[in-house]
Amino acid sequence: MLPRLIIVVPCYNEQEVLPVTAPLFREKLISLADAGKISADSRVMFVNDGSKDSTWEIIERLSKEDEHYIGISQSRNRGHQNAVLAGLMEAKDMCDITISIDCDGQDDINAMDKMVEEYLNGCEIVYGVRSARKTDTFFKRNTARGFYKLLNFMGAEVVYDHADYRLVSSRVLQEFANFKEVNLFLRGMFPLVGFKSTSVYYERSERLAGKSHYPLSKMLNLAFDGITSLSIKPIKMILGLGMIIAVLSFVGVIWAVVQHFLGNTITGWASTVCILCFFSGVQLISIGVIGEYIGKIYMEVKQRPRYIISDRTYDKQENADNE
Ligand code: UDP
Ligand code: MG
């Protein structure tokens, strides 16, 4: 039997670009079905992430006009990662494979052919990897490169230049559902699930319309979240730093005592202040990093829901019954 595919598309304030890209997703589904790779009842699922513009109205209209479109809506804006998760968790019981992709047309839809092929060859996760970043600005390209370098250096294993354009089988998603953390960094979490995986390369182009929701500040946040969600290396680094500084201070104390007995001591206000500033800086940074982890633990123990679906364009029960 042919696998049923659901393309999961997170949308936040995308009224400009959605009408442009929605038909492209639909055409891709139809061409894949015509090629005999996926079943004809495959769908495009839009996840409205609490948009403040008319995104949800557009999704509702699309789903009324064409059966290929379905949509769910989050009760409020929760961010890209939670929106993707909501879509994947919703889709996992309705299909055999999911592909998550942004709705702005930046990720090459044609890479889906290769992704589905890799799935049919036995891969359960297929990462979409950007082969070129020609259209990104110099700044974005280099901050993004720094982002992956930093992540890997800090012990969060991520596929280089893979964002959240990815094919995942429902079998993997069933296992993934057991990863209960609320601090989400999906691209770093899927490699942890295991299963046979591969990468497919594509060129990333410019947004077809609308504006990016990922300015530098959000990128930095995502990087920091990725590191502290997936790795405890920063805490270990603090320990290492502490030890190095302890050794240096020990040497400093000996030096000071020797100087004292040699009669070289003068009122060293400047050096005292420098040392004081340095150590209080190190301590504050260290406490800050540890605090970040404690904050994460705090959020995790609450076990709050990671997404809340308030609306659907379809009857969930009925859809599950069709299986
Ligand atoms: N997005 C979302 N919730 C948010 C921010 C963004 O669902 O709070 C969606 C957005 O609609 C898009 C995707 O996440 O489909 C990626 O966002 P964007 O294109 O703005 O980021 P960039 O490609 O510039 O990194
Ligand atoms: Mg984008």
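Refer to the structure printed above.
Right, let's walk through the structure included here. Keep in mind that this is a model prediction, so the values were computed, not measured.

### Notes on the packing of aromatic side chains
Piece 1. Applying the stated criterion to the full structure yields 4 aromatic pairs.
Piece 2. Relative to Phe179, the ring of Phe176 lies with its centre 5.6 Å away and its plane at 15°, an arrangement referred to as stacked.
Piece 3. An aromatic cluster is built from Phe176, Phe179 and Phe190, whose rings are joined through pairwise contacts.

### Some points on the coordination of the magnesium ion (ligand 2)
When a metal holds four donors in a tetrahedron, each ideal angle between them is 109.5 degrees; when it holds six in an octahedron, the ideal angles are 90 or 180 degrees.
Piece 1. At 1.9 to 2.0 Å from the magnesium ion (ligand 2) lie its protein donor atoms, namely Asp104 (OD) and Gln106 (OE1).
Piece 2. For Gln106, a relative accessible area of 11% translates into the label buried.

### Details of the nonpolar core
Piece 1. Grouped together as the largest cluster of nonpolar side chains are 34 residues, with contacts concentrated most on Ile7, Val9, Phe25, Phe46 and Met112.
Piece 2. Of all the secondary-structure elements, those providing two or more residues to this core are strand S1 (5-11), helix H1 (18-34), strand S2 (43-48), helix H2 (55-65), strand S4 (97-100), helix H4 (111-120), strand S6 (162-169) and strand S7 (197-203).
Piece 3. It is H1 that contributes the most residues to this core, 5 residues altogether.
Piece 4. Ignoring sequence-local partners within four residues, the contact set of Val9 consists of Phe25, Val44, Met45, Phe46, Val47, Ile101, Asp102 and Cys103.
Piece 5. Among the nonpolar cores identified, the runner-up in size contains 30 residues, and Ala83, Met89, Met94 and Val172 belong to it.

### Observations regarding the side chain of Arg130
Piece 1. Here Arg130 lies in strand S5 (residues 125-132).
Piece 2. A residue is classified by how much of its surface remains accessible, and Arg130, at 8% relative accessible area, is buried.
Piece 3. Beyond its immediate stretch of four places on either side in the chain, Arg130 contacts Asp161, Ala163, Tyr202 and Arg204.

### Section: the site of ligand 1
Piece 1. Close to ligand 1 lie 19 residues; Glu14, Asp49, Asp104, Ser212 and His213 are nearest.
Piece 2. Interatomic distance of 2.6 Å between a side-chain N/O atom of Asp49 and a nitrogen atom of ligand 1.
Piece 3. Contact with the protein chains removes 95% of the 530 Å² of surface that ligand 1 exposes when unbound.
Piece 4. Those elements giving two or more residues to the shell around ligand 1 turn out to be S1 and helix H3 (80-91).
Piece 5. For the shell around ligand 1, the class distribution of residues is 6 nonpolar, 6 polar and 7 charged.

### Remarks on the pairing of S4
Sheet faces and side chains relate simply in a regular strand, where the side chains alternate between the two faces.
Piece 1. By the alternation rule, side chains of S4 split into Ile97 and Ile99 and Thr98 and Ser100, which are all buried.
Piece 2. In the sheet, S1 pairs with S4 via 4 bridges, with the strands oriented parallel. Looking at the pairing, Ile6 lines up with Thr98 of S4.
Piece 3. Sheet topology places S4 next to S6; 4 bridges connect them, and they run antiparallel. Bridge pairing in S6 links Thr98 to Val168.

### Details of the state of the cysteines
Piece 1. Applying the stated criterion across every chain, the model contains 0 disulfides.
Piece 2. Free cysteine Cys11: the closest other cysteine sulfur is in Cys103, separated by 4.0 Å.
Piece 3. Cys123 carries a free sulfur, and the closest cysteine sulfur to it, the one in Cys95, is 17 Å from it.
Piece 4. Overall, the relative accessible area of 4% leaves Cys123 in the buried class.

### Let's talk about the pairing of S1
Piece 1. In terms of residue burial, S1 counts as a mostly covered element, since 7 of its 7 residues are buried.
Piece 2. Alternating residues of S1 divide into Leu5, Ile7, Val9 and Cys11 and Ile6, Val8 and Pro10, and every residue in both groups is buried.
Piece 3. Judged from the 6 bridges that link them, S1 and S2 form a sheet pairing that is parallel. Residue pairing in the sheet places Pro10 in a bridge with Val47 of S2.

### A few points about the sheet that holds S5
Piece 1. Read from one edge of the open sheet, 8 strands run S7-S5-S6-S4-S1-S2-S3-S8, paired in mixed fashion. Looking at strand neighbours, the two that pair on one side only are S7 and strand S8 (309-312), the edges of this open sheet. With direction set aside, neighbouring strand axes in the sheet form an average angle of 25°.
Piece 2. Of the strand pairs in this sheet, S2 and strand S3 (residues 69-74) are connected by 5 bridges, and their pairing is parallel. When the bridges of S3 are listed, Phe46 appears paired with Gly71.
Piece 3. The strands touched by H3 are S1, S2, S3, S4, S6 and S8; relative to S1, the strand with the most contacts, the crossing angle is about 155°.

### Here we look at helix H7 (residues 186-193)
Piece 1. Burial runs high along H7: 6 of the 8 residues are buried.
Piece 2. Those residues of H7 that fall on the buried side of the exposure criterion are Leu186, Arg187, Gly188, Met189, Phe190 and Val193.
Piece 3. Gly194 sits one or two residues past H7 and shows a positive phi near 85°.

### Overview of unusual backbone geometry
Piece 1. Positive phi values are uncommon outside glycine, yet Asn13 reaches one of about 50°.
Piece 2. The exposure class assigned to Asn13 is partly exposed, which follows from its relative accessible area of 23%.
Piece 3. Of note, Phe195 is a non-glycine position whose phi angle comes to about 70°, a positive value.
Piece 4. Take Phe195: it is sitting in the loop between H7 and S7.
Piece 5. Under the relative-accessibility criterion, Phe195 is labelled partly exposed at 34%.

Cut-offs and rules
- Residues numbered from 1 in each chain as written.
- Chains lettered and ligands numbered in written order.
- Predicted model: local features only at pLDDT ≥ 70, side-chain atom pairs only at ≥ 80, totals over all residues.
- Heavy atoms only, no water.
- Phe/Tyr/Trp six-rings, centres within 6.5 Å; stacked < 30°, edge-to-face > 60°.
- Donors = N, O, S within 2.8 Å, 3.2 Å for Na, K, Ca; no water.
- Buried < 20%, exposed > 50% of the residue type's maximum accessible area, 1.4 Å probe, protein only.
- Core = buried A, V, L, I, M, F, W, Y, C linked by side-chain atoms within 4.5 Å.
- Helix = DSSP H or I, 4+ residues; strand = E, 2+ residues; numbered from the N terminus.
- Contact = heavy atoms within 4.5 Å.
- Near = heavy atom within 4 Å.
- Polar contact = N/O pair within 3.5 Å; in protein donor to acceptor, adjacent residues only side chain to side chain.
- Areas by Shrake-Rupley, 256 points an atom, 1.4 Å probe, with all protein chains shown as cover.
- Nonpolar A, V, L, I, M, F, W, Y, C, P; charged D, E, K, R; others polar.
- Pairing = 2+ DSSP bridges.
- Disulfide = S-S within 2.5 Å.
- Axes fitted to C-alpha atoms, helices over the stretch in contact; angles between N-to-C directions.

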